[in-house]
Amino acid sequence: MKVGVIGLGLIGGSMALDLQQRDFAKKIVGTDNNPDHIDIAKKAGIIQEEGSLAEIAQTCDLIILATPVDVAPGILLELLSQVNEETVILDVGSTKEHICRAVAKHPRRSQFVACHPIAGTENTGPGAAQKKLFDHKVSIICNSNDSDASAVKKAEALFAALKMESVHMEAREHDRHIAYVSHLSHITSFALGLTVLNIEKDEKSIFNLAGSGFASTVRLAKSSPDMWAPIFSQNASHVSAALGAYIEQLMLFKETIDEGLMTETYDMISTANQISRILDGIELKNRQKSFVKSEFNSGEVKIAPISDWVSNLQRPLVISGPCSAETEEQVMQTCQQLAATGKVDVLRAGIWKPRTRPNNFEGVGTIGLEWLKKAKEATGLMTAVEVANKQHVEEALKHGVDILWIGARTTVNPFSVQEIADALQDVDVPVLIKNPINADLELWLGAIERISGAGITKLGAIHRGFAKYGETKYRNAPQWQLPIELKRRLPDLPMICDPSHICGNRELIAEVSQQAMDLNYTGLIIESHINPDKALSDAKQQVVPERLAQIINELVLRDGYSGKVITDDTLQALREQVDQYDSEILTIISQRMQVVESIGQYKKENNLTILQTSRWNDILNHSFAKGEKLGLSKDFIEKYLKAVHQESINHQSAVMNQLKN
Ligand code: PEP
Ligand code: MN
């Protein structure tokens, strides 16, 4: 076989040496944007022939793209448009999502296989190429469903010739995983190098003083900036998350050392010693295998493709209808107007309404199912209702409801979810599970597992936001990170956003719907009512059918929208979570100040001074102890408490002075 190698560095060069030596390649043709590299490669027997991109594209059976990751997608597109139908191209870059996205729409996408053979040294260029570099290592093949089966086979044969084990993984998972096991170690090494260079300006003394510990830890700091800067940039959000976790560990070490907590330091080191098990390879191999397995069957939860229960879905699934069924006319008119927009796939209506306080409208009950059945007959659309117990399930199914959903107040209660699951044994109906009211992913996942345990495979999740503290613009904080994490754990699970319950008001619905589309959600559930202001429940958040259609029409679907996978907006989701916490902290501090003012009044009436030193010392001491348990430094606790204390004194003085006047 004639093999082309583009990029004659350490990886491309080392692959070429073994492929030829082991008779996988009869001839290797290569190119590099650095003419010196081509010369060295020829002299070292890495390539037999130099060839242009076009020559390689037209004459080689298999092409290895081994350039830095920032230029690889451009070259790949150029190659794909020139190769003949039999040629397979594989890349070996350290980030996979970016390149997969770049070629996703190319008509010849299936001739490309996204790969990452995991091996390397800190040295660069063809001079560093070495034989047997890949022996007994692992190569990751990503998104192989997008490649021809025969192309994947060719890539696997190549890695077998390099004595590598091939494992399969989604590109996104690869990037997240590799951020920890490879990218983070390089950054750590660069940062260590910089730290010591900055402190020890005299490089000679570093060399002399450096023990082998320093040398082996900083080894990777010699790695090429051409290669690594683009990798960090392409994998920024995962690398940032990995760095965050690492910085936390560094801070913990600093703190225990600052505090003289030798036992804690000892414990941390002995825990870290367990890394030898992983380095010995036994665990790593097992873990990679089980990791890959869970990629393919999502653990125990079997999920049917959404096309099994909605036909012809060309765009996001839209579920719409009133929060509650109120009267037959209201249900019929709303549903007919919604159907007339042509934008709606499923009609919803609440039949039994879980209200927070008694004596609010609790739904019309079973009669509403009759109305919904008529609406279904009149429009030909599917219907969906919320069920909270066995009787609801039975009534809904008896009335021909097509889709059931479990509400946020039910998902929190495993007894209720299990009761529903038991009622669903031997029933084939799609079930959508709303997130629980509180931000607890395990609870959400647990409910999905229970319903799955009943044999239901037509599953979906509805993200309706989470209860929050304090004022935000949302009724229920979206905390996007949670549905994203759920999707990571169950990649095949359709995710439906409920902007109505997240927003609690009409104005924000379009914005949140768009956000969900940008995260590649599969669908939307939006409440609609012919006369929203008069609605018996959730009046503020319902929209008229015409507005619903407008919201759907105005959605912008990003390139690559598939409705299958949430794209990586981890950073944005994490920032929103931080904003949410900040807002809650400020609300709680303001509540604290109100209590402080009451104390001020009490002190004034009882003729006590504002500052009572023993009380202040008590606060400090118990907060230090609590802070230590929570991983907050003493220094921070002290600064924080002083600021809060000062603000409290100001509030109390204001109250006391006011009382004087
Ligand atoms: C509803 O969809 O009307 C409803 C009650 O929603 P949730 O369970 O999300 O509060
Ligand atoms: Mn509602």
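An unreviewed UniProt entry lists the chain under the name chorismate mutase, with Pontibacter locisalis as the source organism.

*Asks:* Would you explain empty space enclosed by the protein in this entry?
*Replies:* In this structure the tally under the stated criterion is 2 cavities of 30 Å³ or more. Here the largest cavity is characterised by a volume of approximately 160 Å³. Looking at the largest cavity, it is lined by 16 residues, and the ones nearest its centre are Pro354, Glu386, Arg409, Lys434 and His501. Grouping the constituent residues of the lining of the largest cavity by class yields 4 nonpolar, 2 polar and 10 charged. The computed volume of the second largest cavity comes to approximately 30 Å³. What lines the second largest cavity is simply Val69, Ala72, Pro73, Asp91, Gly93, Thr95, Ile99 and Gln234. For the lining of the second largest cavity, the residue count by class is 4 nonpolar, 3 polar and 1 charged.

*Asks:* Where do I start with the coordination of the manganese ion (ligand 2) in this structure?
*Replies:* When a metal holds four donors in a tetrahedron, each ideal angle between them is 109.5 degrees; when it holds six in an octahedron, the ideal angles are 90 or 180 degrees. All of the protein donors around the manganese ion (ligand 2) are Cys323 (SG), His501 (NE2), Glu527 (OE) and Asp538 (OD); their distances to the metal are 2.1 to 2.4 Å. According to the relative accessible area criterion, cysteine 323 is buried, its value standing at 0%.

*Asks:* How do you make sense of the pattern of salt bridges when you look at a structure like this?
*Replies:* Any two side chains of opposite charge can pair if their charged atoms end up close together. Under the criterion given, the structure shown has 28 salt bridges. For glutamate 122, the salt bridge identified is with arginine 219, shortest N-O distance 2.7 Å. Of this pair, glutamate 122 sits in the loop between β6 (112–117) and β7 (138–142) while arginine 219 sits in the loop between α9 (212–218) and α10 (225–234); the two residues are 97 residues apart in sequence, bridging distant segments of the chain. Its relative accessible area of 12% is what places glutamate 122 among the buried residues. On the accessibility criterion, arginine 219 (36% relative accessible area) is partly exposed.

About the cut-offs
Residues numbered from 1 in each chain as written. Chains lettered and ligands numbered in written order. Predicted model: local features only at pLDDT ≥ 70, side-chain atom pairs only at ≥ 80, totals over all residues. Heavy atoms only, no water. 1 Å grid on protein atoms, 1.4 Å probe; cavity = no way out; pocket = protein on both sides within 12 Å on 5 of 7 lines; lining within 4 Å. Points joined across faces, edges and corners; volume = space filled by probe spheres on them. Nonpolar A, V, L, I, M, F, W, Y, C, P; charged D, E, K, R; others polar. Donors = N, O, S within 2.8 Å, 3.2 Å for Na, K, Ca; no water. Buried < 20%, exposed > 50% of the residue type's maximum accessible area, 1.4 Å probe, protein only. Salt bridge = Lys/Arg side-chain N within 4 Å of Asp/Glu carboxyl O. Helix = DSSP H or I, 4+ residues; strand = E, 2+ residues; numbered from the N terminus.

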